[in-house]
Amino acid sequence: MTFILGMAGGTASGKTTLAEAVHGALGSRAVLVTHDRYYHSLPATYRNNPVAYNFDHPDALDTERLVADIDCLRRGDVAELPIYDFPNHSRAPHVETVQPAEVVIVEGILVLADPALRERMDHAIYVHTPDDIRLVRRIRRDVQKRGRTALQVLDQYEATVRPMHEAYVAPSRAHADLVLSGTEPLADLVDAVLAILPTARS
């Protein structure tokens, strides 16, 4: 039986790192499906200024397709997951074929904010990290890895990231079965997640 594990949290909370670590610990017994795969292609009006686009609003994501892919994997069928071309802000023309597994980890800032996604989860985890720490992490990440200036990161955070966090992400914590601290050692967090997975205890 497939176990669907949802994992949410604010930007730079550590949820992606945790999801990847849990996936690595489980190996072939798990598949990781990130909500970020399901971004719609950037509207043409934002092509010259993608930072101005609200990537943190639920409408920016094709969640309906994610729900369908989760259902496919739960049935034990092969799923064809979309691939998002982040440098060009568009969905790639090809897909990634993913085999079903004992555990499907569904990760993203908004995965607990959507009722249809929540209905499909056997267990929901929210990674909570204080806002100031998340902001510092995001500035460091976007400057080092995405070629942005600190001012650009702050402008985007103020315009869309923080408002969407308060409107959608933070309230979704109420739907979590388990809340973890994103400031705790990664190994301890992985152990806490593995402890609730039937496949890890068998």
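Calculation rules
Residues numbered from 1 in each chain as written. Predicted model: local features only at pLDDT ≥ 70, side-chain atom pairs only at ≥ 80, totals over all residues. Heavy atoms only, no water. Helix = DSSP H or I, 4+ residues; strand = E, 2+ residues; numbered from the N terminus. Rg over C-alpha atoms; globule rule 2.2 N^0.38 Å. Buried < 20%, exposed > 50% of the residue type's maximum accessible area, 1.4 Å probe, protein only. Contact = heavy atoms within 4.5 Å. Lys, Arg positive; Asp, Glu negative; His and termini not counted. Salt bridge = Lys/Arg side-chain N within 4 Å of Asp/Glu carboxyl O. Axes fitted to C-alpha atoms, helices over the stretch in contact; angles between N-to-C directions. Parallel < 35°, antiparallel > 145°, perpendicular 65-115°, else oblique. Left-handed = near helix turned anticlockwise from the far one by under 90°. Pairing = 2+ DSSP bridges. Expected span 1.5 Å × (residues − 1). Arc of directions from axis to C-beta. Core = buried A, V, L, I, M, F, W, Y, C linked by side-chain atoms within 4.5 Å.

**Observations regarding the overall build of the protein**
Across its full length, the protein holds seven helices and seven strands. Taken against the 2.2 N^0.38 rule, which gives 17 Å for 202 residues, the C-alpha radius of gyration of the protein at 17 Å falls within 12% of a compact globule. Taken along the three principal axes of its C-alpha coordinates, the protein extends 50 × 40 × 30 Å. Across the 202 residues in the protein, those meeting the buried criterion constitute 44%. When contacts within the protein are restricted to residue pairs at least 6 apart in sequence, long-range pairs at least 24 apart make up 73% of them.

**Some details on the side chain of Asp56**
Relative to the assigned elements, Asp56 resides in the loop between β2 (30-34) and α2 (63-74). Buried Asp56, no salt bridge; nearest opposite-charge side chain is Arg138, N-O distance 4.9 Å. Setting aside its immediate chain neighbours within four residues, Asp56 contacts Ile109, Leu110, Thr160, Val161 and Met164.

**So, the packing of helix α4 (residues 131-145) against helix α5 (residues 150-169)**
The geometry of a pair of packed helices is captured by two quantities: the angle between their axes and the separation between those axes. Put simply, α4 and α5 touch, their axes get as near as 10 Å, and they point 135° apart. Considering the angle they form, α4 stands oblique to α5. The interaxial crossing formed by α4 with α5 has right-handed handedness. Across the interface between the two elements, Asp131, Arg134, Leu135, Arg138, Ile139, Asp142 and Val143 of α4 pack against Ala150, Val153, Leu154, Gln156, Tyr157, Val161 and His165 of α5.

**Some points on the sheet that holds strand β6 (residues 123-128)**
Read across the sheet, five strands follow the order β2-β5-β1-β6-β7 without closing on themselves; strand pairing throughout is parallel. Both edges of this open sheet fall to β2 and β7 (178-181), since each of them pairs with a single strand only. With strand direction ignored, the average angle separating the axes of adjacent strands in the sheet is 20°. Bridge analysis of strand β1 (residues 3-9) against strand β5 (residues 103-107) gives five bridges, and the strand direction is parallel. Its bridge partner being in β5, Gly6 is matched across the sheet by Val106.

**Regarding α4**
Under the 1.5 Å per step criterion, the end-to-end length of α4 is 21 Å for 15 residues, consistent within 8% with the ideal 21 Å. Taken as a whole, α4 has its buried residues at Arg134, Arg138 and Asp142. Along the axis of α4, the buried positions cluster into a sector of 55°, meaning they face one direction only. Seen from the open side of α4, the exposed residues pointing more than 90 degrees away from its buried face are Asp132 and Gln144. Buried residues in α4 make contact with α5.

**Let's talk about the nonpolar core**
Residues Val33 and Leu112 are the most contacted members of the largest nonpolar core, which totals 33 residues. For this core, the secondary structure elements donating two or more residues are β1, β2, α2, β3 (79-85), β5 and β6. Considering each element in turn, this core owes the most residues, five residues, to α2. Excluding residues that lie within four positions of it along the chain, Val33 makes contacts with Tyr38, Leu66, Leu73, Leu81, Val104, Ile105, Val106 and Glu107. Judged by nonpolar contacts, the second largest core, of 19 residues, contains Met7, Leu32, Val193 and Leu194.

Bear in mind that shape data such as this cannot, by itself, settle questions of function.
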